[in-house]
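One letter stands for each residue in the lines below.
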Amino acid sequence: MADFVDADNAEAIISRIEHKSGKIESLLKQYKPVEALKTALEGSPPQTKDERCKSANWIVVHRAIMAIKDVDSLFSSLDAEYYDVLMKYLYRGLSTGDRPTCDQCLRIHEKLTEKAGLGCILRSLADKVNTV
């Protein structure tokens, strides 16, 4: 299991998240939303309990989630290794109460559950260590 990063290293994590954000914006400008989502999910969730880091990473993942237009084609090119962490972020999105975010998260949740099964839901809810 990866060690959690001390709050002293939070600035380094935020710097990496900002770098990742730039890559995601570039991919979105190239109309590559699935690649942007993969990039957003890589290294997620950050191994820290610092809420600033988690919030900064959520903003990046949220941007990529909201850019997905064709949910059906998403899972033809998204690797299974991303399913559990994506599910965690979908639940974070649902917890915002923001209507467009919730609508998008529910659309993706439905297709993800069809593709990955109920185990994906259970793993994402039961994991109390790697929270988003």
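Criteria and thresholds
Just so you know, the residues in each chain are numbered from 1, in the order the chain's sequence is written. Restriction of local features to residues with pLDDT of at least 70 applies here, the model being predicted, together with a cutoff of 80 or more for giving and counting side-chain atom pairs; totals for whole chains, interfaces and linings are based on all residues. Calculated side-chain values reflect all of the structure's heavy atoms, with hydrogen atoms and water omitted. UniProt positions are given in the numbering used here, feature names are shortened, and annotations may be inferred rather than shown by experiment. Helix numbers and strand numbers start at the N terminus; a helix is a DSSP run of H or I with at least 4 residues, a strand a run of E with at least 2. Between the two quantities, the radius of gyration covers C-alpha atoms and the globule rule is 2.2 Å times the number of residues to the power 0.38. Burial classes follow relative accessibility: with a 1.4 Å probe on protein chains only, a residue under 20% of its type's maximum area counts as buried, one over 50% as exposed, and anything between as partly exposed. Note on areas: Shrake-Rupley with a 1.4 Å probe; residue coverage comes only from the protein chains shown. For this count, His and the chain ends are skipped, Lys and Arg are scored as positive, and Asp and Glu as negative. By convention, charge coordinates are those of NZ in Lys, CZ in Arg, CG in Asp, or CD in Glu. For this analysis, a salt bridge means a side-chain nitrogen from Lys or Arg found within 4 Å of a carboxyl oxygen belonging to Asp or Glu. Counted as a polar contact is a pair of N or O atoms within 3.5 Å, where, for protein atoms, one must be capable of donating a hydrogen and the other of accepting one, and residues adjacent in sequence contribute only when both atoms are in side chains. Residue contacts follow a heavy-atom distance rule, with two residues in contact if any of their heavy atoms lie within 4.5 Å. A fitted line through C-alpha atoms serves as each axis, taken over the contacting stretch for helices, and the angle formed by two N-to-C directions is quoted from 0 to 180°. Here roughly perpendicular refers to angles of 65 to 115 degrees, roughly parallel to angles under 35, roughly antiparallel to angles over 145, and oblique to all remaining angles. For this classification, Asp, Glu, Lys and Arg are treated as charged, while Ala, Val, Leu, Ile, Met, Phe, Trp, Tyr, Cys and Pro are nonpolar and the rest, including Gly, are polar. On a range of 0 to 100, pLDDT expresses the predictor's confidence in each residue.

- The name given to the protein chain in an unreviewed UniProt entry is Actin-related protein 2/3 complex subunit 5, with Erythranthe guttata as the source organism.
- Heading Subunit (unreviewed entry) of the UniProt record for the protein chain holds this comment: "Component of the Arp2/3 complex composed of ARP2, ARP3, ARPC1/p41-ARC, ARPC2/p34-ARC, ARPC3/p21-ARC, ARPC4/p20-ARC and ARPC5/p16-ARC."

## Observations regarding the overall build of the protein chain
Turning to step 1, where the next piece is worked out: Within the protein chain one finds seven helices and zero strands.
Turning to step 2, where the next piece is worked out: The order of helices and strands in the protein chain, counted from the N terminus, is α-α-α-α-α-α-α.
Turning to step 3, where the next piece is worked out: Rg of the C-alpha trace for the protein chain: 14 Å, near the compact-globule value of 14 Å for 132 residues, within the 12% margin.
Turning to step 4, where the next piece is worked out: Seen through its principal axes, the protein chain has C-alpha atoms that stretch 40 × 35 × 30 Å.
Turning to step 5, where the next piece is worked out: Put simply, the protein chain has 132 residues, and 42% of those count as buried.
Turning to step 6, where the next piece is worked out: Entry remark: accessible area of the protein chain is about 7300 Å², with carbon and sulfur atoms responsible for 53%.
Turning to step 7, where the next piece is worked out: Here the protein chain holds 19 positive side-chain charges and 20 negative ones, and the gap between their average locations is 2 Å.

## Looking at the side chain of Lys 20
Turning to step 1, where the next piece is worked out: Within the element layout of this structure, Lys 20 appears in helix H1 (residues 10-29).
Turning to step 2, where the next piece is worked out: Buried charge without a salt bridge: Lys 20, with Glu 42 as the nearest opposite-charge side chain at an N-O distance of 7.3 Å.
Turning to step 3, where the next piece is worked out: Here Asn 57 takes part through its side chain, which lies 3.1 Å from a polar atom of the side chain of Lys 20.
Turning to step 4, where the next piece is worked out: Ignoring sequence-local partners within four residues, the contact set of Lys 20 consists of Thr 39, Ala 40, Glu 42, Ser 44, Asn 57 and Val 60.

## Considerations on the packing of helix H6 (residues 99-116) against helix H7 (residues 118-126)
Turning to step 1, where the next piece is worked out: The contact between H6 and H7 brings their axes to 6 Å, and the two run at 110 degrees. For the element pair H6 / H7, the angle class is roughly perpendicular. For the pair H6 and H7, the contacting residues are His 109, Leu 112, Thr 113 and Ala 116 in the first and Leu 118, Cys 120 and Ile 121 in the second.
Turning to step 2, where the next piece is worked out: Taken together, the residues of the contact of H6 with H7 sort by class into five nonpolar, two polar and no charged.

## Points about the environment of Ile 108
Turning to step 1, where the next piece is worked out: Here Ile 108 is to be found in helix H6.
Turning to step 2, where the next piece is worked out: Residue classification places Ile 108 among the buried residues on the basis of a relative accessible area of 0%.
Turning to step 3, where the next piece is worked out: Sequence separation between Ile 108 and Met 87 is 21 residues, and the spatial gap between their C-alpha atoms is 8.9 Å.
Turning to step 4, where the next piece is worked out: Excluding its chain neighbours within four sequence positions, the residues that come into contact with Ile 108 are Ile 65, Val 71, Leu 74, Phe 75, Leu 86 and Leu 90.

## What to know about the confidence of the model for the protein chain
Turning to step 1, where the next piece is worked out: Averaged over all residues, the pLDDT of the protein chain is 92; the fraction at 70 or higher stands at 94%.
Turning to step 2, where the next piece is worked out: Taking the mean pLDDT of every element in the protein chain, the minimum, 91, falls on helix H4 (residues 71-77) and the maximum, 97, on H6.

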